[in-house]
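Next come the chains, spelled out residue by residue.
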Amino acid sequence: MLMLCLIKPNSIFAPSIKKGSATMQKELSEQELVRRDNLKKLQELGIDPFPSDTFDVNTKAIDIKSRYTEESKEFESVKLAGRLMSKRIMGKASFAELMDSSGRIQIYLNRDEICPEEDKTMYNEVFKKLLDLGDFIGIEGFAFTTQVGEISVHVTKFTVLSKSLRPLPVVKTDAEGNVHDSFSDPELRYRMRYVDMVVNPDVRRVFEQRTTMYNTIRTYLNEKGYLEVETPILQPLYGGAAARPFKTHHNTLDMTLYLRIANELYLKRLIVGGYDGVYEFSKDFRNEGMSRFHNPEFTQIELYVAYKDYEWMMNLVEEMVELIAIALHGTTKVQVGENVLDFQRPWKRYTMYEAIKEYTGVDISEMDESQLREAAKSLKVHVDNSLGKGKIIDEIFGEHVEHKLIQPTFITDYPVEMSPLAKKHKSKPGLVERFEAICNAKEICNAFSELNDPIDQRERFESQLELGKRGDDEAMVLDEDFLRSLEFGMPPTAGLGIGMDRLAMIMTNQSSIQDVLFFPQMKPEKQE
RNA sequence: GAUCUGGUAGCUCAGCUGGUAGAGCAAUACACUUUUAAUGUAUGGGCCCUGGGUUCGAAUCCCAGCCAGAUCACCA
């Protein structure tokens, strides 16, 4: 093909570099060559394909589409910018679609209006041939309605703003709203999220909703007077959760550092230091398996409030999550998969024992360890001998209760063995003042009345150390500085952690954590 | 980590019991001044994931590997 001959190896538009070079690119496809050739031709016409000038738009596509009427004078002179997403050329006139951050709008171009003089190059060459789908252009013109009734922009002038050298997937939607040839390969979507976002506009909506979620929480907590803080991500000791950490090394200090698995112990130090309430959106890192619910790095918000307990915190969670649902959906009801979850307060509350009794008919509240073991067997829950009382209860709960909890539900009062940082229950021996909120069969938050008795805390750490010695690689390590801070005195405090990714999945109705993370962790692409 | 499914054109996918590599969209050329999944005619485009094996012959069968998804186990 003639086009191919125009690209000589020594051209600056050629694939670049010799074989074996680190920067060697894959051989260019036919369509990439065409685009590079079009770029060159634009330059030959004196058109800069990558101009630096500001292009000041005065309108978004959605403004015109939502407000334009035949009578309105509002859109008599509009200026928009975005990507060219389709072209329908009909000789001396053309329709096309421009997509800006708000969406797509149809544009209309007429040869003799674009080129009133003799020279028809801008229409015949630049628009019809040298502009490719995906290119950024700016347009000026006026809004109108086509004969078929589609609100469009009649273009009087267009400007090349940036050339696209790779073809985007072309996704089309027909009159019935059916999407054709959708860009759907999950691997490609996650590896090239920028393409996913261009071509699948709902993807951007999800992330906008995620940000709305964050903003709602920030506003809510700031209005209560709590302080947003930042604490170390690189920690000499990892703590605050049961998980395996990522390990790294600081060269100058010549010491091992860990990426945080939680920020709990640091935030509590800040309560010791005198704040009434602190919170942090905390990127945490856990060196564990990956699945559609687990990414190696994920985000939690943790919140600590002095002079409060877990009952108080339950009310806060209800109120805050209800607000999020309303902020995103205008209602407390949220469609998640096949279910509609209603976040309206108050949520159901069960103690763990009540929940197990409700869903299995077995009352385990008075059982000792051997009775529990028997009960587990009769419920077909597999428990091996290394499991202690708390773990057995947790297994029964996980097996028989958790997956049935679709509507938002609080589960309270957990066994002490599972909660080394929570305060012992004021009236129920063997339990701690802790709750989790479960919805759509998944835990979305974990909270407790924080253990502030330094002597008790030391003992709990020590029993964790025992677990570690027995081979539990998720057991907590003893943090002397944290204990020292508690010895100076920490007020009674309620603490909360919410898994932001999990919450985002529910609030945006996504079934995979990868769909609420811009760049989910992937194995490296193989080298060409 | 285990099991299952998949990897073919820029994108979405066909390709049977082994016999010359296919479609739609996208691209290229021409036509077309209100189309809208625009249309019509013509054309080009492939390391069939990688490496072995079986075979006269492999996209197809076998083995190993890489990557992804789903399910399961641990964790949020």
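Before going into details, it helps to say that this report is about the structure given with it. Source: prediction; values computed, not measured. (Residues numbered from 1 in each chain as written. Chains lettered and ligands numbered in written order. Predicted model: local features only at pLDDT ≥ 70, side-chain atom pairs only at ≥ 80, totals over all residues. Heavy atoms only, no water.)

Remarks on the overall build of chain A
In terms of helices and strands, chain A carries 16 helices and 20 strands. Radius of gyration (C-alpha) of chain A: 30 Å, far over the 24 Å computed for a compact globule of 528 residues. Over its C-alpha atoms, taken along the principal directions, chain A stretches across nearly 95 × 60 × 50 Å. Counting across all 528 residues of chain A, residues that qualify as buried make up 48%. Across chain A, contacts joining residues at least 24 apart in sequence account for 63% of those joining residues at least 6 apart. Of the roughly 27200 Å² that chain A leaves accessible, carbon and sulfur atoms contribute 51%. (Helix = DSSP H or I, 4+ residues; strand = E, 2+ residues; numbered from the N terminus. Rg over C-alpha atoms; globule rule 2.2 N^0.38 Å. Buried < 20%, exposed > 50% of the residue type's maximum accessible area, 1.4 Å probe, protein only. Contact = heavy atoms within 4.5 Å. Areas by Shrake-Rupley, 256 points an atom, 1.4 Å probe, with all protein chains shown as cover.)

Let's talk about helix α2 (residues 30-44)
The end-to-end C-alpha distance of α2, which contains 15 residues, comes to 21 Å, matching closely the 21 Å that a straight helix rising 1.5 Å per residue would cover. For α2, the set of buried residues is Glu-32, Leu-33, Arg-35, Arg-36, Asp-37, Asn-38, Leu-39 and Leu-42. Following α2 by one or two positions, Gly-46 adopts a phi angle in the positive range, close to 80°. (Expected span 1.5 Å × (residues − 1).)

Remarks on the nonpolar core
Among the nonpolar cores identified, the biggest contains 47 residues, and Leu-221, Leu-303, Met-313, Phe-343, Phe-435, Leu-496 and Met-507 are the most heavily contacted of them. Among the elements that line this core, the one with the most residues is helix α10 (residues 310-329), at 10 residues. One finds Val-278, Tyr-350, Phe-397 and Ile-411 within the second-largest nonpolar core, a separate group that totals 44 residues. (Core = buried A, V, L, I, M, F, W, Y, C linked by side-chain atoms within 4.5 Å.)

Considerations on the protein's contact with RNA strand B
In the vicinity of RNA strand B there are 56 residues, among which Glu-30, Gln-147, Glu-187, His-294 and Arg-502 approach most closely. Close to the protein, within 4 Å, the atoms of RNA strand B are drawn from sugar and phosphate at a rate of 57%. Within the side chain of Glu-30, an N or O atom sits 2.4 Å from a base nitrogen of RNA strand B. Between Glu-187 and RNA strand B, the recorded distance is 2.5 Å, taken from a side-chain N or O atom to a sugar or linking oxygen. The element that contributes the greatest number of residues to the surface near RNA strand B is helix α6 (residues 186-191), accounting for five residues. Its residues assigned to classes, the surface near RNA strand B shows 21 nonpolar, 14 polar and 21 charged. (Near = heavy atom within 4 Å. Polar contact = N/O pair within 3.5 Å; in protein donor to acceptor, adjacent residues only side chain to side chain. Nonpolar A, V, L, I, M, F, W, Y, C, P; charged D, E, K, R; others polar.)

Things to note about the sheet that holds strand β1 (residues 78-90)
One key point about sheets: their strands pair by backbone hydrogen bonds, in either a parallel or an antiparallel sense. With mixed pairing, five strands are arranged side by side around a closed barrel as β1-β2-β3-β5-β4. With direction set aside, neighbouring strand axes in the sheet form an average angle of 50°. In this structure, strand β4 (residues 136-145) lies alongside strand β5 (residues 151-162), joined through 10 bridges in antiparallel fashion. Its bridge partner being in β5, Ile-137 is matched across the sheet by Val-160. Strand contacts of helix α5 (residues 121-130): β1, β2 (93-100), β3 (103-110) and β5, with the helix running at about 90° to β1, the strand carrying the most contacts. (Pairing = 2+ DSSP bridges. Axes fitted to C-alpha atoms, helices over the stretch in contact; angles between N-to-C directions.)

Topic: helix α16 (residues 500-508)
Owing to its 3.6 residues per turn, the α-helix brings residues three or four apart onto one side. In terms of residue burial, α16 counts as a mostly covered element, since nine of its nine residues are buried. Two residues or fewer past α16, Asn-509 is found with a positive phi of approximately 60°.

Brief notes about unusual backbone geometry
Note that the residue after Arg-345, namely Pro-346, is joined by a cis bond; omega there is -10°. With respect to the secondary-structure elements, Pro-346 resides in the loop between β15 (339-342) and β16 (348-351). With phi around 50°, Asp-254 is a residue other than glycine that occupies positive phi space. Its identity as a non-glycine residue notwithstanding, Tyr-307 has a phi of 65°, on the positive side. Relative to the helices and strands, Tyr-307 is located in the loop between β13 (297-306) and α10.

Re the packing of helix α9 (residues 264-272) against helix α15 (residues 480-488)
Two elements in contact, α9 and α15, have axes whose closest approach is 9 Å; the angle formed by their N-to-C orientations is 25°. When the interaxial angle is binned, α9 and α15 end up roughly parallel. Crossing of α9 over α15 shows left-handed handedness. Together, Leu-265, Lys-268, Arg-269 and Val-272 of α9 and Asp-481, Phe-482 and Ser-485 of α15 make up the contact between the two elements. Looking at the contact of α9 with α15, its residues break down into three nonpolar, one polar and three charged. (Parallel < 35°, antiparallel > 145°, perpendicular 65-115°, else oblique. Left-handed = near helix turned anticlockwise from the far one by under 90°.)

Comments concerning the side chain of Glu-280
Following the sequence through the fold, Glu-280 ends up in strand β12 (residues 277-285). On the basis of relative accessible area, Glu-280 is assigned to the buried category, the value being 3%. Within the structure, Glu-280 has its side chain in polar contact with the side chain of Arg-260 (distance 3.2 Å). Engagement of the side chain of Glu-280 in a polar contact is seen with the side chain of Asn-263, the distance being 2.7 Å. In this view, Glu-280 contacts Val-229, Glu-230, Thr-231, Arg-260, Asn-263, Leu-267, Gln-300, Ile-301 and Glu-302; residues no more than four positions away in its chain are not counted.

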